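Results of the structural survey
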Amino acid sequence: MLLSSLITNLLDTDLSGGDCEISGIAFDSRLIRPGWLFVCIRGQEADGHDYAGDALKNGAAALLVEDFLPLAARQVRTADTRLALARIAKTFHGRPDESLGLVGVTGTDGKTTTASLIAWILRSAGVKTGEVTTANISTGGQVSPNLVHQTTPSSLELHQALGEMRDRSVQWAVLETTSHGLDQHRVTGFAFNRAVFTSITHEHLDYHGTLEAYVEAKARLLDIQGAADEGRWGKVAVLPRDSRYWDLLRARACGQVLGYGRASDADVKVLSETVSSDAIDFTASTPWGQISVGAGLPGAFNIENCLAALTCAASIGVSLELCADAIAAFPGVRGRMQRVDCGQPFEVIVDFAHTPNSLESALQTFSKRKGRLLVVFGGAGERDTQKRPLMGAVAARLADEIVITNEDPRNEDALKIARDIAEGAASGSGGSCRKLEIILDRRDAIAAVLRSAQPGDTVLLAGKGHEASIITAEKVLSWDEAGVTREILTSMGYDCRAAG
């Protein structure tokens, strides 16, 4: 594609050096090939402008910059290269988001399960569906694990994925959409037909600064949906009616709005429910009729995830009966309330809970059991520090024993992170916690808790879930929370192969 055609939709551009053919795009100089466009993006840790020379050595045909560089090269200057990347990626890949129905799922907790449920229901109904979530990626073929610590890829990678979906005749795509992705223009300009919100609680204040800014970033999904053409699938916003942010989100939405939840005026409303640590059953009233749903998903919060997914799928045209059947058969998401069974006389659960709200929901799910509740968790380094003591206080209130360990310390002092959490635990009052330890090595922490567990106890391993690595200052360690747990249980004499 000609460079001039590629930048047609960019505002306030200056082209220096004339036109040329562009055969590829990258914002990492190491990926540049001859004839490609190198996009110089200013990030939190590095500035792409500093690597423009390397890109030229690798054969870049042109540079997209925010300031002209003193280099003998063809350059296009624009005010915001990150925003420009979203627009040129869409053009370069032939506007694939407009060729299929597009669902964006955002929120703090429940995004991955809800997005995965939507994709599962659609596939179960015979709709060819792609997905990009924290846990899984599929462009129309086999569903594969997402092995990177990034829920929403770059706009360039997303448009490439959507292009593959279009070429494979995918009908709908489900994208888990983070506040970072929304704020950094990774989905700007996407033609979203469904905008689905899960609960919004405390998270990522290290990046956004305030809860208000975080909520604002989430609400941009509705702005993006509003700016897009309706296409043949229309526009529907699926919003949590019980949320404290309902009024704000409702005012930002365009097109049809469907509220779900337990509120009496919700469009999709829970009429009755039964919740256990093993399963949920509920009956809901909907605009399409009344339906009873049962699922092997533990915890009251999963009713909300199922409601959101059902509402979205039904708005697309899937019958309530098909939705209910699909939810009943849903196998769950790797690292989300995942049981590890090696025949041990206590229960072990691996979950991604890494916010105060999600940790509280996970612990409450098992808090009424007769045995003790033991929890292992930590806090991410170089991330939201304010939530650390909040998570400690939650754990102290609901768990009998706590082991604080590494999550992804990155360049922060791992012991300081643990002590921040411990201070929150110590400040709590009236809780059930009788023992608190800090064991920084995560394998050792899990082993200590498993060896402490007694028949009838429940062990919750929180914070890592599906993630395939632990990031430290020195290196990135390969990690498999469920796999490590099975190894330890095997060393304790349990037979994981026999348990399945």
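Here is a short report on the structure shown in this document. (Residues numbered from 1 in each chain as written. Predicted model: local features only at pLDDT ≥ 70, side-chain atom pairs only at ≥ 80, totals over all residues. Heavy atoms only, no water.)

**Section: the state of the cysteines**
What counts is decided by this rule: For the purposes of this analysis, a disulfide is any pair of cysteine sulfur atoms at a distance within 2.5 Å.
Enumeration over the complete set of coordinates arrives at one disulfide. This cysteine, Cys254, is not joined by any disulfide, and Cys312 carries the nearest cysteine sulfur, 15 Å off. Sulfur of Cys312: no disulfide; nearest cysteine sulfur belongs to Cys323 and is 9.3 Å away.

**Points about the sheet that holds strand β15 (residues 280–286)**
Short version of the rule: Strand pairing requires that DSSP identify at least two bridges connecting the strands. The way it works is that DSSP assigns letters per residue, a run of H or I at least four long becomes a helix, a run of E at least two long becomes a strand, and they are numbered from the N terminus.
Reading across the sheet, the eleven strands line up as β9-β8-β7-β10-β6-β11-β12-β13-β14-β15-β16 and stay open at both edges, with mixed pairing between neighbours. The strands lining the two open edges of the sheet, one partner per strand, are β9 (144–145) and β16 (289–295). Where strand β12 (residues 236–240) and strand β13 (residues 256–261) come together, five bridges link them in parallel fashion. Directly across from Val236, in β13, lies its bridge partner Gln256.

**Structural notes on the packing of helix α10 (residues 301–316) against helix α11 (residues 320–329)**
The test is simple: Angles here are taken between N-to-C directions and fall from 0 to 180 degrees, while the axes themselves are lines fitted to C-alpha atoms, restricted in helices to the stretch in contact. When an angle is under 35 degrees it counts as roughly parallel; over 145 it counts as roughly antiparallel; between 65 and 115 it counts as roughly perpendicular; any other value is oblique. Note on convention: near helix rotated counterclockwise from far helix by under a right angle means a left-handed crossing. Clockwise means right-handed. Contact definition: two residues touch when any of their heavy atoms are within 4.5 Å. Charged residues are taken to be Asp, Glu, Lys and Arg, nonpolar residues to be Ala, Val, Leu, Ile, Met, Phe, Trp, Tyr, Cys and Pro, and polar residues to be all remaining types, Gly included.
Where α10 meets α11, the closest approach of the two axes is 10 Å, and the angle between their N-to-C directions is 140°. With respect to α11, the axis of α10 lies oblique. Crossing geometry of α10 relative to α11 is assigned as right-handed. Counted together, Cys306, Leu310, Ala313 and Ala314 of α10 and Leu320, Cys323 and Ile327 of α11 form the full contact between these two elements. Of the residues assigned to the contact of α10 with α11, the class counts are seven nonpolar, no polar and no charged.

**Observations concerning the packing of aromatic side chains**
Two aromatic rings are characterised by how far apart their centres lie and by the angle between their planes. As a reminder of what qualifies: For Phe, Tyr and Trp, where Trp contributes only its six-membered ring, two rings pair if their centres lie within 6.5 Å, and the inter-plane angle classes them as stacked under 30 degrees, edge-to-face over 60, or tilted in between. Throughout this description, buried means an accessible area under 20% of the type-specific maximum (1.4 Å probe, protein chains only), exposed means over 50%, and partly exposed covers the range between.
Under the criterion given, the structure shown has four aromatic pairs. Their ring planes at 70° and their centres at 5.9 Å tell us that Trp120 and Phe330 sit as a pair that is edge-to-face. Highlighted residues: Trp120 in helix α4 (residues 111–124) and Phe330 in the loop between α11 and β17 (338–339), separated in sequence by 210 residues. The exposure class assigned to Trp120 is partly exposed, which follows from its relative accessible area of 28%. Residues Phe190 and Phe192 carry aromatic rings whose centres are separated by 6.0 Å and whose planes lie at 20° to one another, so their mutual orientation is stacked. Note on Phe190: relative accessible area 0%, which makes it buried.

**Some words on α10**
Defined as follows: One less than the residue count of a helix, multiplied by 1.5 Å, gives the span that helix is expected to have.
Under the 1.5 Å per step criterion, the end-to-end length of α10 is 23 Å for 16 residues, consistent within 8% with the ideal 22 Å. Here α10 lies mainly inside the structure; 13 of its 16 residues are buried. One or two steps after α10, the chain reaches Gly317, where phi turns positive at roughly 125°.

**Topic: the pattern of salt bridges**
The condition that has to hold: Within this document, salt bridges are pairs made up of a side-chain nitrogen of Lys or Arg and a carboxyl oxygen of Asp or Glu, the two lying within 4 Å of each other.
For the coordinates displayed, the defined rule picks out 31 salt bridges. Between Lys90 and Glu98 there is a salt bridge, with its nearest N and O atoms 3.1 Å apart. Accessibility expressed as a relative area gives 8% for Lys90, which makes it buried. One salt bridge connects Glu98 with Arg95, and the closest N-O pair in it is separated by 2.9 Å. Under the relative-accessibility criterion, Arg95 is labelled partly exposed at 35%. When salt bridges that share partners are traced, they join Arg42, Asp47, Glu66 and Asp67 into one network.

**Section: the environment of Asp441**
Let me state the cut-off plainly: Think of a polar contact as two N or O atoms within 3.5 Å of one another; within protein, one of them needs to be a possible hydrogen donor and the other a possible acceptor, and neighboring residues in sequence only count if both atoms come from side chains.
Along the polypeptide, Asp441 turns up in the loop between β21 (435–438) and α15 (442–452). Relative accessible area serves as the criterion here: at 41%, Asp441 is assigned to the partly exposed category. Linking Asp441 and Thr405, residues 36 residues apart in sequence, is a C-alpha distance of 6.4 Å. Here Arg443 takes part through its backbone nitrogen, which lies 3.1 Å from a polar atom of the side chain of Asp441. For Asp441, the side chain forms a polar contact with the main-chain nitrogen of Asp444, separated by 2.9 Å.

**Some words on the sheet that holds strand β22 (residues 458–462)**
Taken together, the six strands give an open sheet; going across it, the order is β17-β18-β22-β19-β20-β21, and neighbouring strands pair in mixed fashion. The two strands at the open ends of the sheet, each matched to only one other strand, are β17 and β21. In terms of strand pairing, β17 meets strand β18 (residues 347–351) through two bridges, oriented antiparallel. Bridging across to β18, Arg339 finds its partner in Ile349. Packing against the sheet, helix α13 (residues 387–398) makes contact with β19 (373–377) and β20 (401–404), and its axis sits at approximately 165° to β19.

**With respect to the pairing of β19**
In terms of residue burial, β19 counts as a mostly covered element, since five of its five residues are buried. Alternating residues of β19 divide into Leu373, Val375 and Phe377 and Leu374 and Val376, and every residue in both groups is buried. Pairing analysis gives four bridges linking β19 to β22, with the strands arranged parallel. Opposite Val376, over in β22, you have Leu461 as the bridge partner. Here β19 runs beside β20; their pairing, made up of four bridges, is parallel. From the neighbouring strand, Leu374 faces β20, where its bridge partner is Glu401.

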